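Overview (structure and organization)
Chain by chain, the residues:
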Amino acid sequence: MAIGKKPKLAVWKFSSCDGCQLSLLDCEDELLQLAASVEIAYFLEATRAQIRGPYDISLVEGSIATPEDVERICQVRRQSKKLITIGACATAGGIQALRNFKDVDQFIQAVYAHPHYIDTLATSTSIGNHVSVDFELRGCPIDKHQLLEVLSAFLNSRKPNVPRYSQCIECKQAGTVCVMVAQGIPCLGPVTQAGCGNLCPRCRRGCYGCFGPKETPNTASLSHWFEQLGMPPREIQHAYRSFNANAPEFRKESERYD
Amino acid sequence: MTKPRSRTVKVNALARVEGEGALYVSIKGDAVQEVKFRIFEPPRFFEALLQGRLYSDAPDITARICGICPIAYMLGACQAMEDALGVVLPQPLQDLRRLIYCGEWIQSHVLHTYLLHAPDFLGYEDSIRLSHDYPGVVERALELKKTGNRIMEVVGGRAVHPVNLKVGGFYSVPRRQTVRELIEPLNWALEAALATVRLFAGFDFPDYRYDYTCVSLRQPEEYPITQGRLVSNRGLDIPIDQFTAHFSEEHVAHSNALHGRMNGGEAYLVGPIARYNNNFDTLSELARQSAREAGLEPVCDNPFQSIIVRAVETLYACEEALRLANAYEEPDAAAVEIVPHAGEGHGCTEAPRGICYHRYRLDEAGRIVEAQIVPPTSQNQKQIERDLWGVVEKNLDLAEDKLKWRCEQTIRNYDPCISCATHFLKLTLDRS
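The rules behind each value
Residues numbered from 1 in each chain as written. Chains lettered and ligands numbered in written order. Predicted model: local features only at pLDDT ≥ 70, side-chain atom pairs only at ≥ 80, totals over all residues. Heavy atoms only, no water. Buried < 20%, exposed > 50% of the residue type's maximum accessible area, 1.4 Å probe, protein only. Helix = DSSP H or I, 4+ residues; strand = E, 2+ residues; numbered from the N terminus. Pairing = 2+ DSSP bridges. Right-handed = clockwise from strand over helix to strand, strands pointing away. Axes fitted to C-alpha atoms, helices over the stretch in contact; angles between N-to-C directions. Contact = heavy atoms within 4.5 Å. Domains from an automatic or database assignment. Buried area = accessible area lost by both parts, 1.4 Å probe. Salt bridge = Lys/Arg side-chain N within 4 Å of Asp/Glu carboxyl O. Polar contact = N/O pair within 3.5 Å; in protein donor to acceptor, adjacent residues only side chain to side chain.

1. Notes on the pairing of strand β4 (residues 80–86) of chain A
Residue and element names in this part refer to chain A. For β4, the buried fraction is high: five of the seven residues fall into the buried class. Sheet topology places strand β3 (residues 55–61) next to β4; six bridges connect them, and they run parallel. Residue pairing across strands places Tyr55 opposite Ser80, the latter belonging to β4. Handedness of the β-α-β unit built from β3, helix α3 (residues 67–79) and β4 comes out right-handed. Relative to strand β5 (residues 135–137), β4 runs parallel, the two sharing three bridges. When the bridges of β5 are listed, Thr85 appears paired with Glu136.

2. Structural notes on the sheet that holds strand β3 (residues 31–39) of chain B
All names here are of chain B. Taken together, three strands build an open sheet; the order of strands is β1-β2-β3 and the sheet is antiparallel. The open sheet has two edge strands with one neighbour each: β1 (6–11) and β3. Across the sheet, the mean angle from the axis of one strand to that of its neighbour is 10 degrees, orientation sign disregarded. Relative to β3, strand β2 (residues 21–28) runs antiparallel, the two being bridged by eight bridges. The residue of β3 that forms the bridge with Ala22 is Arg38. Running at roughly 145 degrees to β3, helix α13 (residues 376–394) makes contact with β2 and β3 of the sheet. In the packing of helix α14 (residues 400–412) onto the sheet, the strands contacted are β1, β2 and β3, and the crossing angle to β1 comes to about 50 degrees.

3. Quick word on the domain arrangement of chain B
Residue and element names in this part refer to chain B. On domain assignment, one finds that chain B holds domain 1 (6–39) and domain 2 (46–421). Centre-to-centre separation of domain 1 and domain 2, based on C-alpha positions: 26 Å. Listed by partner, the interface residues are 25 residues for domain 1 and 38 residues for domain 2. Together domain 1 and domain 2 conceal approximately 2700 Å² of surface at their shared face, both sides included; 64% is due to carbon and sulfur atoms. Linking domain 1 with domain 2 are zero salt bridges, by the criterion used here. In this assembly, domain 1 and domain 2 are joined by one residue pair in polar contact (both at pLDDT 80 or more). Among the elements of the structure, β1, β2 and β3 are those that each provide at least two residues to the side of domain 1 that touches domain 2. Looking at the side of domain 1 that touches domain 2, the element that brings in the most residues is β3, giving eight residues.

4. Focus: unusual backbone geometry
Cis geometry marks the peptide bond from Gly53(A) to Pro54(A); its omega dihedral reads 0 degrees. Structurally, the position occupied by Pro54(A) is in the loop between β2 (39–43) and β3. Here the bond from Cys140(A) into Pro141(A) is cis, since omega is 5 degrees, no more than 30 degrees from zero. Its identity is not glycine, yet Arg204(A) carries a phi of approximately 60 degrees, on the positive side. Its place among the elements puts Arg204(A) in the loop between α9 (199–202) and α10 (219–228). Here Arg204(A) falls in the partly exposed class, since its relative accessible area comes to 46%. Even without a glycine there, the phi angle at Asp415(B) is positive, about 45 degrees. Along the chain, the position of Asp415(B) falls in the loop between α14 and α15 (418–421). What makes Asp415(B) buried here is its relative accessible area of 1%.

Set out below in structure tokens:
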């Protein structure tokens, strides 16, 4: 990035719910400061102004779900010095990747009167499946503090401090009582990446895996514990099949229950 | 005779809306030939994805239809499941649901009015550029929005896709002290909301009126948020389980979202103006007074004034949240116990953008056999096209770029959530 010139930030949307882009607008205390330190060059949800690329940093939300998406993500990559994917759709294909386990033509016919109007791919996949990605920020939705950390790291050419360890570590650090040990509630915490702030166990609920797999998760062992708790096989499969169903570690584990 | 001049207004990617949409208007001479509000947000097939899942999965999965109004989906799904399973929530848990919904109204309305819509009235490309000239206004907006998000965090665990809601109630209820801590920021928010109504009242509103068919929920005692009967200003008054008997969707070539219409084929309006027009009498005294001072009549027929109506509703939501927070005592139980069985149920709430209807059929194990979700933006699509038609006809003398901007502003009157609208309704009728 040239000295004295503000870096250009672009925010792109693919198939998604807009929640991760919204996390940027939800940085109420930091938004104006952020806007002062970068040039918001393309952010359709927030502005009708569009400044041409190349862009120093592109944030990409959403999954690749249509033939047009495939072309567009390649264009975005070409125009972006650094490309950061944000959220479960962009990093794993999102909830819409549940279609990857079913026949998409049947889906279209179930929903639309005129299936030939609809142009869609049979799968929903992560951005990283199509182009090289400089950093993947997890979460459904992402955590806004982690987003600010990643942006700050890239703006200062340093490595983001985003842990890859499990939710369990976060619970222990916060002193949250383990819902699985203490109450026998099935919890994906042992195989899920930290970062949300152990939200679910704090509400006396098991983690539902919205931050996706931690590094080297032992899913087989956790599923064994779920069986011990009396969870039926189909429920175990569905536990892995939500927002990060197409993340390789979760997909593989859920397929053991096919 | 000279050939009438042909013009087209095209916006290939609409800004300051949630999701991906486009606009195409063709004009010949002084006549509008065609208007197409296109939704090209990719389909996500929620209704198909839900089949085979347990009833209890529906709130968290459907929340992902929209990151801006997840409560509308979570509570619509919860309500429908509770209806199917014969469960009624005790009042304290219903109050807690109303409280979190007030949080969603506040953050969603403030996001739309200040950050997405107000720049149109003041001639700015976006709110960041607006903040250079009016820093205090944008700072107030962000603080107000934060108050809404804070309610969602206290009751739901987080602002986007809350984790604490479930069929039957909540996983845990917030501590009394934590809810009480909302009171101080809400007292500030109430004043900020009053100032917001006054600020928006001073905008210039393009001259355009329409005699809308307004559809909303209605309750005799309070302004509708979480429940009510379905009513219209043309005499409709039905329980929500009759929704599909009166409303349907059609699949048109230019949109990935099904178009909602009344069974006579008529377009209708849902959202703040429809709610306000049908329920002015149940608004609080303060909200009614502030609406009058802002120049609104009890019936609003200028869609550009929806920005004032949203500010009035933000004010009301702050008042309601304050009332509920002041009265809050920790309920004895966080949820009602559920015993799954076969059944069919309906849910309908007032999302910030209008009524959001859910219907599910369950098998004996409580698994979803069939799901139908009708989001507000798909219901408004047909009316959006009507408004565009009328606005273009009235503004044919505007220069291209001004006319284009005016069209965009017309669409933004609806706060369209395009991500929501593309999440598909199961269509059972093929009219071709």
